[in-house]
Amino acid sequence: MGQKDLKKMVDAVEQELKSHGVSRRDAMKMAAVGSSAFLLGGTNAQAATEARASDAKGKILIIGGGLAGMSTAARFTNTLSNPDITIIEPGDTATSYQPGQTLVGAGLWTDSDVNYKTADFIPSGVKVIKEKAVEFNPDNNTVKTSGGQEISYDFLVIAAGLQLDFSKIQGLGISNSILSRGSDEGVRGAIGKNGISSIYFANGATDTWANMQKFVADAKSGKKVRGVFTHPNTPIKCGGAPKKIMYLTDARLREAGDAARANADLTFYPNGSKMFGVPEYHNAIQKQFEVRDMKWNYRHNLIAVDPEKKIATFNSHWKQKGAWDEDLEEYGIETKSKTKEVPFDFLHITPPMSAAKEIADSPVGSGKGWVPVNKETLQHVKFPNVFALGDIAAVPMGKTGGSARKQYKVVVDNVIASMEGKELTSKYAGYTVCPLITSIGTVMLAEFNWTKKPTPSFPLDPTQERYIWWLLKVYALKPMTQYGMLSGRA
Ligand SMILES: Cc1cc2nc3c(=O)[nH]c(=O)nc-3n(C[C@H](O)[C@H](O)[C@H](O)COP(=O)(O)OP(=O)(O)OC[C@H]3O[C@@H](n4cnc5c(N)ncnc54)[C@H](O)[C@@H]3O)c2cc1C
């Protein structure tokens with residue numbers, strides 16, 4: 001990262017601190033966090049190779065100008081002496097800071113803190129087509145847009161994120177999928193009223209805060225209330241967010257007093273059977289839940305909601321001993337399930353998520369929808385001049401901005417290596433990071449990689465909740481994303 005960008009970023013962090021009245025002592029701590037934040041994932045996790053000047057030539061087409069796509073475009077622009085880059089992106093606010101929606105949902109930020117205009121982040125010289133890519137023809141190296149243009153490329157980078165499928169939950173009256181930013185027609189209203197909330201889309205986050213305030217006020221007034229938090233049976237972006245919003249609800253209830261907290265029952269209903277894929281973090285989270293009297297019921301997938309009666313219906317599933325298998329001479333294991341109705345006053349839905357249909361069903365998609373790539377080089381498994389990164393890539397690791405921050409450097413290095421006829425040597429090591437907010441003022445910084453072991457960037461116990469990581473989450477990560485990642489430099 002150059003001096004100019006570094007200064008811009010540090011200025012932005014300082015501005016954040018000043019506007020929030022952070023004390024001088026905390027500001028000193030932040031100076032340490034601000035500089036060390038660049039190291040995130042850089043010690044135990046493999047860092048991507050550095051950008052280098054290249055005269056390589058080729059027409060690069062990027063699908064999606066969100067966090068991963070725009071950062072990739074910026075890094076190509078910095079690295080190539082003659083860049084020829086086009087992005088297809090329909091959204092006006094595609095580069096908005098989605099991780100901040102969790103803080104909006106708990107009333108700590110407002111939407112204006114996280115809503116960015118795509119136009120402000122387009123690297124100079126990069127052409128943007130404000131349409132959707134609707135047809136992929138990788139045998140001819142062309143993509144068709146929603147406006148009927150046929151765009152050819154030498155290299156294709158797919159960074160189209162994922163969509164939210166609230167429509168898969170019965171009873172909500174929703175028939176369409178939406179993105180985390182942009183139009184939420186057909187969804188806002190169904191999600192937002194009757195205590196039904198979701199931080200996964202922009203207006204949903206704003207409405208979550210309104211619903212949470214009512215929930216807390218009811219508990220404070222003496223009413224016994226139930227908060228229900230879900231995690232679906234599909235891969236999702238930011239696996240920590242469904243729990244973060246639950247921790248923040250707990251924190252808001254505690255602010256309202258012991259009686260308010262005692263009047264509220266908070267239960268997490270995840271489809272899976274663990275809190276986290278890394279055992280050390282799983283154990284730490286279960287303990288944090290116990291200490292806060294937050295409950296959980298594993299193996300529950302939300303399938304329907306009755307908004308009027310305020311009842312959530314789950315598919316509750318479990319495994320049990322099955323029939324005797326004569327050939328294997330052992331008992332089989334069978335999955336059983338039943339539906340379970342759970343009344344709620346506040347329901348936070350993490351919706352099922354999928355790759356956009358136009359990509360999932362195309363030759364560059366896959367049976368499961370996600371774009372199949374080599375998990376290390378991020379090169380498509382069938383088409384060598386196609387790469388994918390970010391949420392849409394079929395990479396068996398967290399769909400987070402933290403993963404994309406490592407992946408975009410790998411993609412740029414490997415596309416340029418391909419242009420130069422060289423081997424692809426840059427590899428994604430599976431690093432990802434989840435700053436798990438555990439209260440207003442504490443965060444557990446869960447870093448890990450393919451090994452599924454904690455890979456802390458700092459010599460501190462990574463299973464501990466710390467104020468310093470709260471400062472990192474709330475004040476440093478947003479400017480790091482704006483001025484570091486989206487400028488292609490960090
Ligand atoms: C509530 C919430 C909390 C989160 N918390 C964290 C966190 O704490 N830490 C963290 O690291 N990450 C977090 N994330 C996840 C992070 O925001 C995403 O992983 C990241 O934005 C992924 O980047 P992306 O570019 O792959 O997708 P996006 O940023 O979503 O961008 C995809 C873009 O592709 C475009 N697109 C889609 N289809 C097409 C098409 N057919 N043609 C052209 N363009 C198309 C879309 O318009 C969109 O702009 C959170 C996300 C949410 C919603």
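Just so we're clear, the structure is a prediction, and the values are computed from it rather than from any experiment.

Please give an account of the packing of helix α5 (residues 202-220) against helix α6 (residues 241-255) that cites residues and values.
Contact geometry of α5 with α6 gives a least axis separation of 10 Å together with a crossing angle of 45 degrees. Taken as axis vectors, α5 and α6 run oblique relative to one another. The interaxial crossing formed by α5 with α6 has right-handed handedness. Along its contact with α5, which presents Met212, Val216 and Ala219, the element α6 presents Thr249, Arg252 and Leu253. Looking at the contact of α5 with α6 residue by residue, the classes come out as four nonpolar, one polar and one charged.

Give a description of the sheet that holds strand β5 (residues 142-145) that names residues and reports values.
Taken together, three strands build an open sheet; the order of strands is β4-β5-β6 and the sheet is antiparallel. Of all the strands in the sheet, just β4 (133-137) and β6 (150-152) have a single pairing partner and so form its edges. If you compare each strand with its neighbour and ignore which way they point, the axes differ by 25 degrees on average. Where β5 lies against β6, three bridges are found, and the strand directions are antiparallel.

Which residues make up the nonpolar core, and what values go with them?
Formed by 132 residues in total, the largest nonpolar core has its most connected members in Val157, Ile158, Leu389, Ile392 and Ala446. Broken down by element, the residue count for this core peaks at ten residues, all from helix α11 (residues 467-485). For this core, the two domains that each supply at least three residues are domain 1 (3-162 + 355-485) and domain 2 (166-352). When sequence neighbours within four positions are dropped, the list of residues in contact with valine 157 reads Ile60, Ile62, Thr72, Phe387, Val411 and Val415.

About the criteria used
- Residues numbered from 1 in each chain as written.
- Predicted model: local features only at pLDDT ≥ 70, side-chain atom pairs only at ≥ 80, totals over all residues.
- Axes fitted to C-alpha atoms, helices over the stretch in contact; angles between N-to-C directions.
- Helix = DSSP H or I, 4+ residues; strand = E, 2+ residues; numbered from the N terminus.
- Parallel < 35°, antiparallel > 145°, perpendicular 65-115°, else oblique.
- Left-handed = near helix turned anticlockwise from the far one by under 90°.
- Contact = placed C-beta atoms within 7 Å.
- Nonpolar A, V, L, I, M, F, W, Y, C, P; charged D, E, K, R; others polar.
- Pairing = 2+ DSSP bridges.
- Core = buried A, V, L, I, M, F, W, Y, C linked by C-beta atoms within 7 Å.
- Buried ≥ 20, exposed ≤ 12 C-beta atoms within 10 Å, placed from the backbone.
- Domains from an automatic or database assignment.

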